[in-house]
Amino acid sequence: MKSQWKLPEAQQLWKLLDKYKYVLAVLAAGLVLLLWPAGERERPEEVPDPGREEFDLSELEEKLSRTLSQIEGAGEVTVALTVRSGMEQVLAADRTTASGERENRIEEKTVVINTGAGQETVVRVQRYPVFQGAVVVCPGGDRADVRLLLTQAVSALTGLGADRITVCKGSAEP
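Residues numbered from 1 in each chain as written. Predicted model: local features only at pLDDT ≥ 70, side-chain atom pairs only at ≥ 80, totals over all residues. Heavy atoms only, no water.

1. Describing the pattern of salt bridges
Phase 1 of the analysis: Tallied over the entire structure, the rule returns 3 salt bridges.
Phase 2 of the analysis: For Lys 21, the salt bridge is made with Asp 18, and the minimal N-O distance between the two is 3.5 Å.
Phase 3 of the analysis: Residue class for Lys 21 comes out partly exposed when judged on its relative accessible area of 41%.
Phase 4 of the analysis: As a salt-bridge pair, Asp 142 and Lys 169 come within 3.9 Å of each other at their nearest N and O atoms. Within this pair, whereas Asp 142 is found in the loop between strand S8 (130-138) and helix H4 (144-158), its partner Lys 169 is found in strand S9 (residues 165-169), the two being separated by 27 residues in sequence. (Salt bridge = Lys/Arg side-chain N within 4 Å of Asp/Glu carboxyl O. Buried < 20%, exposed > 50% of the residue type's maximum accessible area, 1.4 Å probe, protein only. Helix = DSSP H or I, 4+ residues; strand = E, 2+ residues; numbered from the N terminus.)

2. Some remarks on the environment of Arg 84
Phase 1 of the analysis: Here Arg 84 shows up in strand S1 (residues 78-85).
Phase 2 of the analysis: Each C-alpha atom, one on Arg 84 and one on Gly 133, is 8.7 Å from the other, the two residues being 49 residues apart in sequence.
Phase 3 of the analysis: Excluding residues within four positions of it along the chain, Arg 84 makes contact with Val 130, Phe 131, Gln 132 and Arg 164. (Contact = heavy atoms within 4.5 Å.)

3. Observations regarding helix H3 (residues 57-68)
Phase 1 of the analysis: Across its 12 residues, H3 extends 16 Å between first and last C-alpha, which sits within 8% of the 16 Å expected from 1.5 Å per residue.
Phase 2 of the analysis: Regarding H3, the residues found buried are Glu 61, Leu 64, Ser 65 and Leu 68. Buried residues of H3, seen end-on, are gathered within an arc of 105° and therefore sit on one face of the element. Opposite the buried face of H3, at more than 90 degrees from it, the exposed residues are Glu 59 and Lys 63. (Expected span 1.5 Å × (residues − 1). Arc of directions from axis to C-beta.)

Structure (structure tokens):
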């Protein structure tokens, strides 16, 4: 004799659900978390330490020349920049002040943090170079439309105003 299993009636099913509702809620939450798409986590790219950046004026001029040479009608571009002030870093410092009857003493120590590889100073402020002027020489420098585009590009890249940028016609041969 085989016993057959019968489905519970709706009323009995609701009683079971009501009795075990918290257990079912926890199981449902666990199932959702298991099925949640984890995806691949992106690793942050190696970002150069901004406190260790170096400024190379000739490298910047070369890069700017290559970029500006791509402007239609400009031809081979040469850029010369003058810098009012170079790259500057202000290091974080601990300052202690001691005052006595006859003198005040201020002691300042640069903040250094220990990393796994060694010690590093803490940069509080990094000031980027301030440009004073730019000269752009290219074969298309006599055309007004090319001069305008070059002036706008140099201004956008250096922060110089148009009154500090001069575009001149140069020979087609380097």
